Structure formats: structure tokens, C-alpha cells
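Here is how the chains run, residue by residue.
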Amino acid sequence: MRGWLLAATLIVISAVITMGLFFPGSAPRTFVSGQGLTLFKVAVEYAVMALYGVTLVLLIRDWRRERDRFRALLIAGIWILLLGELSLTLYSAVTDLHNLFGHLGKSWGDGFIFWAVFAQAMDEPHRRLQQSERLLARKEALAQVARQALEDAAHLYRAIFESRAVIKVLIDPDDGRMIDANQAAAEFYGVSRDILRQRYAWEMSATPCEDLLALFADLKAGRADLAVERQSRHRRADGKFCEVGIYLDMIHRENRCLLLATLLDLTARKAAEAALRDSEERYRSALVALAAGVAVYNLEGALITANPAAERILGLSAAECWEQPVDGENWRIIRSDGSSFPSDEWPLMITLRTGIPQREVLMGVLKPDDCLSWILVNSEPIRDTVTRTLQAVVVSFNDITAHKAAEDALRISEERLQRVLDGANDGFWDWNVVTGDVLFSRRWAEMLGYNLAEIEPHVRAWEQRVHPDDLPKCQTALLAHFVGETTHYRCEHRMQAKNGEWRWILDRGKVTARDAQGQPVRMAGTHSDITERRRMEEALRLSLAEIKRHDAQMVALNQMNDLLLSCETHEEAYAIIAHEAGRLFAGFYRRAGDHRRGRRAGITGGRNLGQR
């Protein structure tokens, strides 16, 4: 495009000059003597100035980007030419200074342009030479980087190949010869590396030669997949075969295609897999044999596995369990009080939501046949051994329907017994003879003025409160019952109340369980407060003593009356009284004194009994 534009410009300029030289009359006039420049001349000058202006703007734009000397000189030359053209539009006579300045400016500007072109022409070979040198230096640097990369790759390949942790063998796929082997391969096969370099692949493998060569050919032709693991049995120097996993890679070395075989000793892995299979079988057998139900759920709450006990306890088959959502409405679960058990509070859902295990949660399950089963549920999270993130949840549960029924029956029986004891106003105790632990009833403690929480649940709490004089008697009665001399234990003794008072207790009991040797294991009985009865008995004893004293007095009076009636005179009576009174009333007063002393002792004993 630029060539055609230059050729057209040269043709137009040549045509104008030719017309001016050979046909001056046909050319438009540019100057009229005495008048100055014509309108044509001025228009042409302004057109040239416009062309210079456009060129100047373009050069300044390029110079701002490159800032080289060539464009700077061109800008100076074009600027001077522009000023020269401006001067040529101002003269009116040939001798005018504007005409002179215009031609001087054009000459000076052309000089700058020539200088720029000349300098550029002289500098261009040197610049191109420098550019070539820079390009060669860059290529040399790239070549050096490439060589260093090749050396690093070679060192890396050698380091990887010589790794003692992995068995590596380099094989020629054309004939199956082992080109190279690392030290790990030599230690695995039990021969030196030099010997391995002299052998063929099928000499170390149980795979036939034809099969190996066919495989190598397929790998070289791209007909076999290099990414898969191939397992084989390889022979060691001691003649034993070992299971190995083989990974093959095609590499290019010195314009040759070679196979790099990476071998993994699968002996440990095979043993681990066998152990894992055995463990899984044991786990499966144990899971099947468990009486407790076990179910495993994933993070979405879907059932992964369940043992037969879980199916039996829930009354559903495994397929039915898998079909039901873990929090579906088909599950009818209640609490121990009979209220509905919301699904978001089930142990499984809590563990799935929080990762926190739940322990011994009682749940009532209404089976499809409307039978109610009570289960005790535990949920345990299964976490990743490395990241500790939740992977699944295992739920175990035991059917305690019979146990809960027995507990309910026992609770009802205990409540009935408690009502009976409350009606009889007696206390109850249950003694573990082996450990010494004792279960005391609330009434047992209240008899002595205590709260049940103040009584230590041990036999020493009873021993510490029994009167020291009565404790041997109690122990003797207990021992007689333990050895079978008595069918029941019974003893009346005193016990100290909280306020220090001694109260009389009727303690009765019986051994309820014995071990294989006949030794007592458990014993139960009751406490009855007989303090008032003992006080009444003491009062009755004193009353009988008083009656006896009155009887003695009556006998003495009768005797005296008989003596007096036998007297005929007062003197005889006085003499008889004087002679017999001392003898008759001596025994009376002695007995009366005894009665009085006994009465005072009885009253004092009764008071002490009441205080105790």
C-alpha cells in the first residue's frame, strides 16, 4: 500500500514539474510582480503546511513512545520546514526577507531531515547487530536453562529411580531384558544389581515369556492401558514367590522406548487384607450373635446395616427398616411416662446433629402389631481417624420389656409393702450381709428423730445407736439365726434417738438369701417402737408390788387383831402388844421398807426408761 502511494506521489510531482518546464503557459501562476503571491500559491503553501502539521503530530506521538534521536531530528526538521512554508506565504517581492527566510528554513529543515536519515542509516546496522547479539544471548540463556532443566530432570529421575522405598526396574519392551534396577529391587529379589541387568523379566516373574512379550508389545503400540495396576507373583533368590503389584510407565531414553516398572511388595497388604476379611467376618458373626440390636446410619440418616437382633426387637425386617426414614412418622415412640417422644430428641438424631454420644435413653416402641416394647438406647459417633469428622452413627439397644415389667411389678410391690408398713407404723431395713450396706426406710429413721438423709446406709449406723449393754444380746441373736438355730431373728433392745433419749425397739428379721456354702448373703426385717409398751409393763410391775405390800399390811393387821382379841384386860393387851409388837411389826416394817425401796427403785427405773 505504501509503495503504491509513493509511486502516485512521484508521478504527480513529475507531471507538475514537467508542465512547468515545458509548458509554462499552461501552469497556474504563483506570483505577480508588484502584487505578490497568488491565491493558488497561498493555498498550495497552506496545504503543504497542513501536511507538515499532520506529519509533525504523528512524529511527536511516536517520539513520546520511543524517545529516540531519529524521531527527535525529524520533528525538528519538520518544524523548521513548517516555519519556512509559513514565511513563504508572507513575502510580496522576490527580494523580500520572508522569501529569504522561507528558503533558508526549508534548506535548514531538509538538513535536519537528511541528518536524521543519515544517522538512522548509519546506526541501523549497529542496532541490528546489537539486537542479534541480544537475541543470541537470550537464546543461549534459554539453552542454558534447558540444559539445566534436563540435568535437574536427570538428577530427579535418578533420585526417584534410586529410591530405596520403591522397587523400580527399567525394561526393554522389545526383548524383555532388564536394562537397569535400583537397590530396592536388588534387596527385594536377593541378588545384585549387576545380575539383574543380565536377566529378562520373565525370569523373575511367574508369568510366561510369551504373555509378557505380548503385553510389552501392546503397551508400546498403545493398545494397553498403562494406568492400571497389574498383579503377579515374582520369584526371589531363595525360590519363594511373593505377590507384587506392578505399575508400568513408558519413557523415552536415547531415542528408545523403555518400560519403567514400579513394583509394590503386596505381602503385607495381602496379609492385612486377609486379616481384614477375618476381622470383618468376626465382626459380622459377633454382630449376628449379639442379643442387643445394632444399627448403623450414615450422615443422611439412612440405614447402612442392622443385625438380626435389631429386626427382632423392632419387629421389622431389614428391608422395612431401610424403607422407613429414620425420623419418619411410621415410627411410634413414647417416653416412660407415656407421652410422645419427638424425633429430634432421639439419641440418633442428637448424635447426628451434634456428634455427642447418648447413653441409656429409655424409649418405648410401638411395633406394627401394636405391641409395646421398651428399649434402652445408646448412640455412638463414628469419626474419621485422621480428620475426626463425623462419618456415621452406630445405635445399640437392648429389649428391656421384661425387665421393665419386673421393675414395675417390684415398684408396685414395694409401694404396697410401704403402705402396709406405714399402716403398721413400722420401719423397714434390707441388709447386704457381705458388704454391710443397709437400705433403711423413711419410717426407720423417723422412729429415732432423723431424716433418712442423715442415716448412713450401712450396718454401723445401727450398731452405733444400739445401747452398749444390749448390743451383745443382739449379736448373739443374729448369730443364732445365721447358723440356723432360729427360724427368725428377734430381739428387744434400746437405741439412742437424735435428742439423746433411749427408745425401746423390737427388731425382727430373717435371712432372705444364702450363698452356695449356706452363708447368709442378704437379710431383711422391721423395727417397731415398743417404748410405750415397755413403760406400761414397768408401771404394771410397780402396781403388782404395791398390791403385794397392801396384802402384807392386811396380814399383819389380822395377826395383830387376833392377838388383841385374845387379851382379857388392858394390861394384858398392853403387855402382849409390848411383847409381840416388836416381833410382829419388825417383819412388817422390814417388808414395808423393802416395798418402799422397791417402789422408789421402780419409779426411778421407769423415769430412766422414759429418759432412755
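Note: the structure precedes this text.
Residues numbered from 1 in each chain as written. Predicted model: local features only at pLDDT ≥ 70, side-chain atom pairs only at ≥ 80, totals over all residues. Heavy atoms only, no water.

## Describing the sheet that holds strand E5 (residues 230-235)
Point 1. Reading across from one edge, E4-E3-E7-E6-E5 is the order of the five strands in this open sheet, with antiparallel pairing throughout. Looking at which strands have only one partner, the edges of the open sheet turn out to be strand E4 (178-181) and E5. Each adjacent strand pair in this sheet contributes to an overall mean axis angle of 35°, direction not counted.
Point 2. Strand direction decides the pairing type here: E5 and strand E6 (residues 241-253), joined by six bridges, are antiparallel. Residue pairing across strands places His-234 opposite Cys-242, the latter belonging to E6.
Point 3. Of the strands in this sheet, strand E3 (167-171), E5, E6 and strand E7 (256-265) touch helix H8 (residues 209-221), which is tilted by about 35° from E6.
Point 4. Helix H9 (residues 267-289) rests against E5, E6 and E7 of the sheet, and its axis sits at about 130° to E6. (Pairing = 2+ DSSP bridges. Helix = DSSP H or I, 4+ residues; strand = E, 2+ residues; numbered from the N terminus. Axes fitted to C-alpha atoms, helices over the stretch in contact; angles between N-to-C directions. Contact = heavy atoms within 4.5 Å.)

## Some words on the sheet that holds strand E15 (residues 438-440)
Point 1. If you walk across this open sheet you meet the five strands as E15-E14-E18-E17-E16, and the pairing is antiparallel. Either end of the sheet is taken by a strand with one partner, and the two such strands are E15 and strand E16 (489-496). With direction set aside, neighbouring strand axes in the sheet form an average angle of 25°.
Point 2. Across the sheet, helix H16 (residues 471-482) is in contact with strand E14 (427-432), E16, strand E17 (502-514) and strand E18 (520-529); its angle to E16 comes to roughly 155°.

## Looking at the pairing of strand E11 (residues 358-366)
Point 1. The pairing of strand E10 (residues 333-334) with E11 spans two bridges and is classified as antiparallel. Looking at the pairing, Ile-334 lines up with Gly-364 of E11.
Point 2. As defined by bridge partners, E11 adjoins strand E12 (residues 372-383) across seven bridges and the pair is classed as antiparallel. Looking across to E12, one finds that Val-365 is bridged to Ser-373.
Point 3. Between the end of E11 and the start of E12, which pair antiparallel, lie five residues, with Asp-370 showing a positive phi angle near 70°.

## A short note on the pattern of salt bridges
Two side chains with opposite charge may pair up if their charged atoms get near one another.
Point 1. Under the counting rule described, the total for this entry stands at 28 salt bridges.
Point 2. The salt bridge partner of Arg-503 is Asp-529, with a shortest N-O separation of 2.9 Å. Highlighted residues: Arg-503 in strand E17 and Asp-529 in strand E18, separated in sequence by 26 residues.
Point 3. The partner of Arg-533 in a salt bridge is Glu-537, and the shortest N-O contact between them spans 3.3 Å. Separated by four residues within a single helix, Arg-533 and Glu-537 lie in helix H17 (residues 531-565), roughly one turn from each other.
Point 4. By relative accessible area, which is 31% here, Arg-533 ends up partly exposed.
Point 5. Linked by salt bridges that have partners in common, Arg-490, Glu-492, Arg-533, Arg-534 and Glu-537 make up one network. (Salt bridge = Lys/Arg side-chain N within 4 Å of Asp/Glu carboxyl O. Buried < 20%, exposed > 50% of the residue type's maximum accessible area, 1.4 Å probe, protein only.)

## Remarks on the pairing of strand E13 (residues 390-399)
Both faces of the sheet carry side chains from a regular strand, because those side chains alternate between them.
Point 1. With six bridges connecting them, strand E8 (residues 293-298) and E13 associate as antiparallel partners. Of the residues in E13, the one forming a bridge with Ala-295 is Val-395.
Point 2. Hairpin connection, E12 to E13: the antiparallel pair is bridged by six residues, and Arg-388 has positive phi, about 60°.

## Quick look at a nonpolar patch on the surface
Point 1. On the surface, Tyr-46, Trp-79, Leu-83, Leu-86 and Leu-90 cluster together into a nonpolar patch covering about 490 Å² of accessible area.
Point 2. The element best represented in the nonpolar patch is helix H3 (residues 69-88), accounting for three residues.
Point 3. The topology assignment puts Leu-90 in the loop between H3 and helix H4 (97-161). (Patch = residues over 30% accessible without salt bridge, like charges linked within 9 Å, V, L, I, M, F, W, Y side chains within 5 Å. Areas by Shrake-Rupley, 256 points an atom, 1.4 Å probe, with all protein chains shown as cover.)

## Regarding unusual backbone geometry
Point 1. Of note, Glu-360 is a non-glycine position whose phi angle comes to about 50°, a positive value.
Point 2. Tracing the backbone shows Glu-360 in strand E11.
Point 3. Although it is not a glycine, Arg-388 adopts a positive phi angle of roughly 60°.
Point 4. Note that Arg-388 resides in the loop between E12 and E13.

## Things to note about the packing of aromatic side chains
Point 1. All told, the structure shown has six aromatic pairs when counted by the stated rule.
Point 2. Here Phe-188 and Tyr-189 contribute two aromatic rings whose centre-to-centre distance is 5.0 Å and whose plane-to-plane angle is 75°, an arrangement assigned as edge-to-face.
Point 3. When its relative accessible area of 7% is taken as the criterion, Phe-188 is described as buried.
Point 4. Using a relative accessible area of 2% as the deciding quantity, one classes Tyr-189 as buried. (Phe/Tyr/Trp six-rings, centres within 6.5 Å; stacked < 30°, edge-to-face > 60°.)

## Section: the packing of helix H2 (residues 39-66) against H3
For any two helices packed against each other, the geometry is given by the interaxial angle and the distance between the axes.
Point 1. Where H2 contacts H3, the axes come no closer than 9 Å and their chain directions differ by 160°. Classified by the angle their axes make, H2 and H3 are roughly antiparallel. Where H2 crosses over H3, the two elements pack in a sense that is left-handed. Within the contact between the two elements, H2 uses Glu-45, Val-48, Met-49, Tyr-52, Thr-55, Leu-56, Leu-59, Ile-60, Asp-62, Trp-63 and Glu-66 and H3 uses Arg-71, Ala-72, Leu-74, Ile-75, Ile-78, Trp-79, Leu-81, Leu-82, Glu-85, Leu-86 and Leu-88.
Point 2. Residue classes in the contact of H2 with H3 are distributed as 16 nonpolar, one polar and five charged. (Parallel < 35°, antiparallel > 145°, perpendicular 65-115°, else oblique. Left-handed = near helix turned anticlockwise from the far one by under 90°. Nonpolar A, V, L, I, M, F, W, Y, C, P; charged D, E, K, R; others polar.)

## Here we look at empty space enclosed by the protein
Point 1. Tallied over the entire structure, the rule returns three cavities of 30 Å³ or more.
Point 2. Reported here for the largest cavity is a volume of approximately 250 Å³.
Point 3. Along its surface, the largest cavity is lined by 14 residues, and Tyr-297, Leu-314, Trp-346, Met-363 and Val-395 are the ones closest to its centre.
Point 4. Its residues placed into classes, the lining of the largest cavity shows 14 nonpolar, no polar and no charged.
Point 5. Its volume calculated, the second largest cavity comes out at about 130 Å³.
Point 6. Lining the second largest cavity, in full, are Trp-429, Trp-431, Val-438, Phe-440, Trp-444, Val-459, Trp-462, Leu-478, Tyr-489, Asp-507 and His-527.
Point 7. For the lining of the second largest cavity, the elements supplying multiple residues, two or more each, are E14, E15 and helix H15 (459-463).
Point 8. Here the lining of the second largest cavity is built from residues that sort into nine nonpolar, one polar and one charged. (1 Å grid on protein atoms, 1.4 Å probe; cavity = no way out; pocket = protein on both sides within 12 Å on 5 of 7 lines; lining within 4 Å. Points joined across faces, edges and corners; volume = space filled by probe spheres on them.)

## Focus on the state of the cysteines
One way to say it: the disulfide is the covalent bond shared by the sulfur atoms of two cysteines.
Point 1. Per the counting criterion, the structure on display carries zero disulfides.
Point 2. Here Cys-474 stays free of any disulfide, with the sulfur of Cys-491 as its closest cysteine sulfur at 3.4 Å. (Disulfide = S-S within 2.5 Å.)

## Remarks on the layout of surface pockets
Point 1. Empty space within the largest pocket amounts to approximately 460 Å³.
Point 2. Lining the largest pocket are 15 residues, with Thr-55, Leu-58, Leu-59, Leu-74 and Ile-78 sitting closest to its centre.
Point 3. Ranked by residue count, the leading element in the lining of the largest pocket is H2, at eight residues.

Purely geometric numbers; function is a separate question.
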